[in-house]
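A structural walkthrough
Chain by chain, the residues run as shown.
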Number of protein chains: 2
Amino acid sequence: MGILEKMRVKSSGLKQAIVVRTDLEMGKGKIAAQAAHASLSAYLEAERTNPQDAEKWLEEGMKKVVLKVAGEKELFLYFQQAKDMGIPVEIIRDAGLTQIEGGSATCFGIGPAPSEDIDKVVGKLKLL
Amino acid sequence: MGILEKMRVKSSGLKQAIVVRTDLEMGKGKIAAQAAHASLSAYLEAERTNPQDAEKWLEEGMKKVVLKVAGEKELFLYFQQAKDMGIPVEIIRDAGLTQIEGGSATCFGIGPAPSEDIDKVVGKLKLL
């Protein structure tokens, strides 16, 4: 396989992104737990709605990136964009962080889905 | 349901633990990605070997804790204990962290499995 072909294969792969709020001042263990929750929830949603992509993503090694947003408003903006595009996405709420019923939204998981679709939604966000 | 009965139900639940090395000086985004990888990998292993527990854990809300160990030796010690006990466990290696073939082991996921079994292996470790 030539270099250009390899690049095309790479860019046509699947990935998952986990988008985390930075304003909640969660510690790294808390972030890890919330991100794991988001990753598994979004995977299960993908498995339900698009099992071929979910299976292929596992075979490809479960590529994932962890990105950041500044707050809740931004989190829901990107979450809604993913919803509108029909990409599997699951938002995570943590009851322990707040007295508000239902808990604070801490992060969401998007995909696995084709990398180019994921990038259309969260491609401009920075790595956490 | 009385308080004692509630406590018994709670303690008889299922959980997953993710055990992370602190000596690799990974940033919080890196830790989150590795932990998500461990969580999903261990879940898939549990689903394969013990689907009833895996399903029940999802229904219970995917309870998980993120714990820490000081280095690779300790990581493999607890990993082997879980293996010996027959608890679903998956170690995660990250090729990007090292030049060594196969990559550095960064963390492992253990469970979902009954909380008391998880605690027998990693119950004395501290939260990350």
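Residues numbered from 1 in each chain as written. Chains lettered and ligands numbered in written order. Predicted model: local features only at pLDDT ≥ 70, side-chain atom pairs only at ≥ 80, totals over all residues. Heavy atoms only, no water.

Moving on, we come to the pattern of salt bridges. Residue and element names in this part refer to chain A. Applying the stated criterion across every chain, the model contains 12 salt bridges over all chains. A salt bridge links Lys30 to Asp94; the nearest nitrogen and oxygen atoms lie 3.0 Å apart. Here the residue Lys30 occupies a position in helix α2 (residues 28-49), and Asp94 occupies one in strand β3 (residues 89-94), the gap between them amounting to 64 residues. Here Lys30 falls in the partly exposed class, since its relative accessible area comes to 31%. (Salt bridge = Lys/Arg side-chain N within 4 Å of Asp/Glu carboxyl O. Helix = DSSP H or I, 4+ residues; strand = E, 2+ residues; numbered from the N terminus. Buried < 20%, exposed > 50% of the residue type's maximum accessible area, 1.4 Å probe, protein only.)

This part is about the confidence of the model for chain A. With 85% of its residues at a pLDDT of 70 or more, chain A has an overall mean of 90. Here the predicted complex scores 0.89 on pTM and 0.89 on ipTM. (pLDDT = per-residue confidence, 0-100.)

On to the side chain of Gln34 of chain A, then. All names here are of chain A. You can see Gln34 is positioned in helix α2. Here Gln34 falls in the buried class, since its relative accessible area comes to 7%. Here Gln34 is in contact with Met26, Ile92, Asp94, Thr106 and Cys107, once residues within four sequence places are set aside. (Contact = heavy atoms within 4.5 Å.)

Both copies of the chain are related by one operation, a rotation about an axis with a shift along it. In screw terms, the move from chain B to chain A is a rotation of 180° and a rise of 0.0 Å along the axis, fitting with an RMSD of 0.0 Å. Interpreted geometrically, this transformation is the action of a two-fold axis. (Least-squares fit on C-alpha atoms with pLDDT ≥ 70 in both.)

A contiguous patch of negative charge on the surface is contributed by Glu47, Glu55 and Glu59 of chain A together with Glu47, Glu55 and Glu59 of chain B. By the element assignment, Glu59 of chain A lies in helix α3 (residues 51-59). On the accessibility criterion, Glu59 of chain A (63% relative accessible area) is exposed. (Patch = residues over 30% accessible without salt bridge, like charges linked within 9 Å, V, L, I, M, F, W, Y side chains within 5 Å. Areas by Shrake-Rupley, 256 points an atom, 1.4 Å probe, with all protein chains shown as cover. Lys, Arg positive; Asp, Glu negative; His and termini not counted. Charge placed at Lys NZ, Arg CZ, Asp CG, Glu CD.)

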